[in-house]
Amino acid sequence: STRLPPSPTPVVDVHTHVYFPRYAAELRARSSAPRILTREGADGKPEERLLILDGEPGSGRPVGPQYWDREEKLEFMKRHHIHISFVSSANPWLDFLSAERASTLAQALNSDLEEYCASSPEVDGFPGLRSLYGFGLLPLVPHVPISSVIQTIEHIKTLPHVSGVIMGTKGVGNGLDDEALEPVWKAIESAGLVVFIHPHYGVDGQAFGTKPNGHVLPLALGFPFETTIAITRLILAGVLDRHPNLRLLLAHSGGALPQLSSRIASCIAHDPVVAKRLKHDARYYLGKLYFDAVAYGSEELAFVSETIARAESYSAAGGSYNANAGSTRMLFGTDHPFFPPLEASQRWQSVEDNLRAIRDVRSWNESAQADVLGLNALRLFSLKY
Ligand code: URA
Ligand code: ZN
């Protein structure tokens, strides 16, 4: 396929991961998953492998400097004409640590992140903007004092290049619909931080059978279903009713949430336990969320865009909607350094697919494309250029 020309407007990647050296060291020191282990590679030389998924098939996945070396991130960005990246720690964050270790490491890793971003090169042609910004970490683990989580949010507020936090779906052990998180949502909302919600656990691995399908089922299905369940629970718990200014960015275009949103709404409306609980029809909440554009296909992006736009018709004002309008809440991402090309290649197919998908959405004009490629991110994170 032909190469895409570079975009004339800023390209901002909101879904791109790192393991800082301090975090990789933590994983290397472990003898059970999540861990980084060393084994003998095909060439007889030692190679490191990443074993992090529940019931991970085989010996995990390759891991190397693409996860921790900033030069590799910048080189990748240059190669794909990405001007700015909002980096986040890759899963499973601090989830597996004790409350004390998670709190200590959160503080250190958030400082690492600020340093990584603050000293990154300025962006050519966009004076005042750095090439790297980031999502910090919270010590969201069982038994953590909520005051430690709030302290971490206070620390992040002092870090000028950290504009949000990434979190999984477990909260402090009972998911994102846990009342214990109420002060956390409140603090995040008033700090104006963006929450990037990202899967890790998938769904019960038994559902995937026993055939050797590599990582396909957990990554292609487990991840997005996990996100779908987590956000549906969060909506059902009234979190978005109580925190209308909370800005949640959903990984992988919200998983199956857009596809299932009318079914969710109907199940709610027909269930005596929840029928009167929420302020709005469930479809309304899609218009309060942000969705990355990591869906790999233009039809899927068009569909997500339309379900976001439709949310307007479930607001108090109601009425019609412009199908193009959903594009203002969708943001380009790559998931780097995951999904590298299997055969050595300069350009990554996974990235090209996501870029092409944005350009091929038939209902998006050039201005909608520019929004999704980068302008939405600059607005969401209040970056002026
Ligand atoms: N695999 C992971 O473990 N995490 C990602 O973010 C993407 C793929
Ligand atoms: Zn990811």
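Residues numbered from 1 in each chain as written. Chains lettered and ligands numbered in written order. Predicted model: local features only at pLDDT ≥ 70, side-chain atom pairs only at ≥ 80, totals over all residues. Heavy atoms only, no water.

A count of helices and strands for the protein gives 11 helices and 13 strands. Taken over C-alpha atoms, the radius of gyration comes to 20 Å for the protein, in line with the 21 Å a tight globule of 385 residues would show. The principal-axis extent of the C-alpha atoms belonging to the protein is close to 65 × 50 × 50 Å. Considering the protein as a whole, with its 385 residues, one finds that 55% of them fall into the buried category. (Helix = DSSP H or I, 4+ residues; strand = E, 2+ residues; numbered from the N terminus. Rg over C-alpha atoms; globule rule 2.2 N^0.38 Å. Buried < 20%, exposed > 50% of the residue type's maximum accessible area, 1.4 Å probe, protein only.)

Looking now at a nonpolar patch on the surface. On the surface, L221, F225 and I229 cluster together into a nonpolar patch covering about 250 Å² of accessible area. You can see L221 is positioned in helix 6 (residues 216-236). In this structure L221 comes out as partly exposed when scored by relative accessible area, which is 34%. (Patch = residues over 30% accessible without salt bridge, like charges linked within 9 Å, V, L, I, M, F, W, Y side chains within 5 Å. Areas by Shrake-Rupley, 256 points an atom, 1.4 Å probe, with all protein chains shown as cover. Salt bridge = Lys/Arg side-chain N within 4 Å of Asp/Glu carboxyl O.)

Time to look at the packing of helix 6 against helix 8 (residues 257-269). Running from N to C, helix 6 and helix 8 point in directions that differ by 40°, and their axes come no closer than 11 Å. In terms of axis orientation, helix 6 runs oblique to helix 8. Two packed elements cross with a definite hand, and for helix 6 against helix 8 that hand is right-handed. Each of T228, I231, T232 and L236 in helix 6 lies in contact with helix 8, whose residues at this interface are L257, L260, I264 and I268. Within the contact of helix 6 with helix 8, the residues separate by chemical class into 6 nonpolar, 2 polar and no charged. (Axes fitted to C-alpha atoms, helices over the stretch in contact; angles between N-to-C directions. Parallel < 35°, antiparallel > 145°, perpendicular 65-115°, else oblique. Left-handed = near helix turned anticlockwise from the far one by under 90°. Contact = heavy atoms within 4.5 Å. Nonpolar A, V, L, I, M, F, W, Y, C, P; charged D, E, K, R; others polar.)

The next thing to look at is the packing of aromatic side chains. Here the distance between the centres and the angle between the planes together describe a pair of aromatic rings. Using the criterion set out here, one finds 12 aromatic pairs in the structure. The interplanar angle of 15° and the centroid separation of 5.1 Å between the aromatic rings of Y19 and Y23 together place this pair among those described as stacked. Each member of the aromatic cluster is reached from another via a ring pair, and the members are Y19, Y23, Y67, F96 and F338. (Phe/Tyr/Trp six-rings, centres within 6.5 Å; stacked < 30°, edge-to-face > 60°.)

Purely geometric numbers; function is a separate question.
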